[in-house]
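# Per-entry structural report
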Amino acid sequence: MRLKPFPTFLYLLCLPGFAAAGEKTVYGLNEYASLDGINLEVAAKLDTGAKTASLSARDIKRFKRNGESWVRFYLAIDAAHSHPIERPLARVSKIKRRAGDYDPEEGKLFTARPVIELDVCMGSALRSIEVNLTDRSAFQYPLLIGSEALKRFDALVDPSLKYAAGKPACATDAHTAE
């Protein structure tokens with residue numbers, strides 16, 4: 001049997017891609033996520049088409065503490081918390097508005113949203129991710145996990161699956177590799 005050089009070369013080029021895929025964790029379209037430090041477990045939608053992660057919040061206020069920018073908010077999740085949550089402000093994100101969300105009088109093509117760092121556990125992986133705060137109460141899932149956060153989880157998303165990682169089971173005293 002004689003191997004043809006070109007197909008063999010293409011096959012060998014593909015091998016590293018298969019090896020990298022083997023190191024990734026397969027998640028479903030929806031997963032349970034534990035919000036570390038907030039002591040809450042929520043259902044999340046994994047969305048490779050969104051760049052950033054979003055958490056459902058209301059009454060979002062920015063303020064200064066010891067000269068640093070902070071944000072205070074309430075979770076907009078079925079009365080999950082009646083007390084405010086305060087976190088340091090990581091940055092302000094500009095989110096592109098959809099066609100139906102555009103106000104010609106305002107003239108802005110984006111919405112500015114505060115972003116915080118949040119430790120999130122999915123399956124057995126605990127990662128610190130950036131999450132923008134916005135009212136998602138009109139959506140089914142209070143947490144949307146976008147592509148930047150999915151990279152941190154070394155995730156492969158199989159949209160035919162739901163809750164493939166099971167309930168969050170992260171060690172609370174240590175982060176896994178970031």
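See above for the structure.
Now for a description of the structure that goes with this document. Just so you know, these numbers come straight off a predicted model, no measurement behind them.

### Description of a nonpolar patch on the surface
- A surface patch of nonpolar side chains, amounting to about 210 Å² of accessible area, comprises V26, L156 and L161.
- The topology assignment puts L161 in strand β10 (residues 155-162).

### Some points on the environment of I95
- Structurally, I95 can be placed in strand β6 (residues 91-96).
- For I95, a relative accessible area of 17% translates into the label buried.
- For the pair I95 and N132, spaced 37 residues apart in sequence, the C-alpha to C-alpha distance is 9.4 Å.
- With residues near it in sequence (within four places) discarded, I95 still touches T52, L109, F110, T111, R113 and N132.

### Examining the pairing of strand β1 (residues 25-36)
- Inspection of the sheet shows β1 paired to β10 by five bridges, in the parallel sense. Bridge pairing in β10 links N30 to K162.
- When β1 meets strand β2 (residues 40-46), the two strands line up antiparallel, connected through six bridges. Residue pairing across strands places E31 opposite A44, the latter belonging to β2.

### Quick word on unusual backbone geometry
- Phi is positive for N66, which is not a glycine, with a value near 50 degrees.
- Relative to the helices and strands, N66 is located in the loop between β3 (53-65) and β4 (68-75).
- Note on N66: relative accessible area 76%, which makes it exposed.
- Despite not being glycine, D154 shows a phi value in the positive range, around 50 degrees.
- As for its position among the elements, D154 is in the loop between α2 (147-152) and β10.

Rules of the game
- Per chain, residues are indexed from 1 in the order of the written sequence.
- With the structure being a predicted model, the display of local features is reserved for residues of pLDDT at least 70 and the display and counting of side-chain atom pairs for 80 or more, all residues being used for whole-chain, interface and lining totals.
- Computation of side-chain values: all heavy atoms of the structure, hydrogens and water removed.
- To count toward a patch, a residue needs a relative accessible area over 30% and no salt bridge; like charges are then connected within 9 Å, while nonpolar side chains (Val, Leu, Ile, Met, Phe, Trp, Tyr) are connected within 5 Å.
- Using a 1.4 Å probe, the Shrake-Rupley method yields the accessible areas, and only the shown protein chains count as cover for residues.
- Salt bridge, as used here: a side-chain nitrogen of Lys or Arg that lies within 4 Å of a carboxyl oxygen of Asp or Glu.
- The way it works is that DSSP assigns letters per residue, a run of H or I at least four long becomes a helix, a run of E at least two long becomes a strand, and they are numbered from the N terminus.
- Three labels apply to residues, based on accessible area from a 1.4 Å probe with only protein chains included: buried if under 20% of the type maximum, exposed if over 50%, partly exposed otherwise in between.
- For this analysis, residues touch if any pair of their heavy atoms sits within 4.5 Å.
- If DSSP finds at least two bridges between two strands, the strands pair.

Read these as spatial facts, not as claims about activity.
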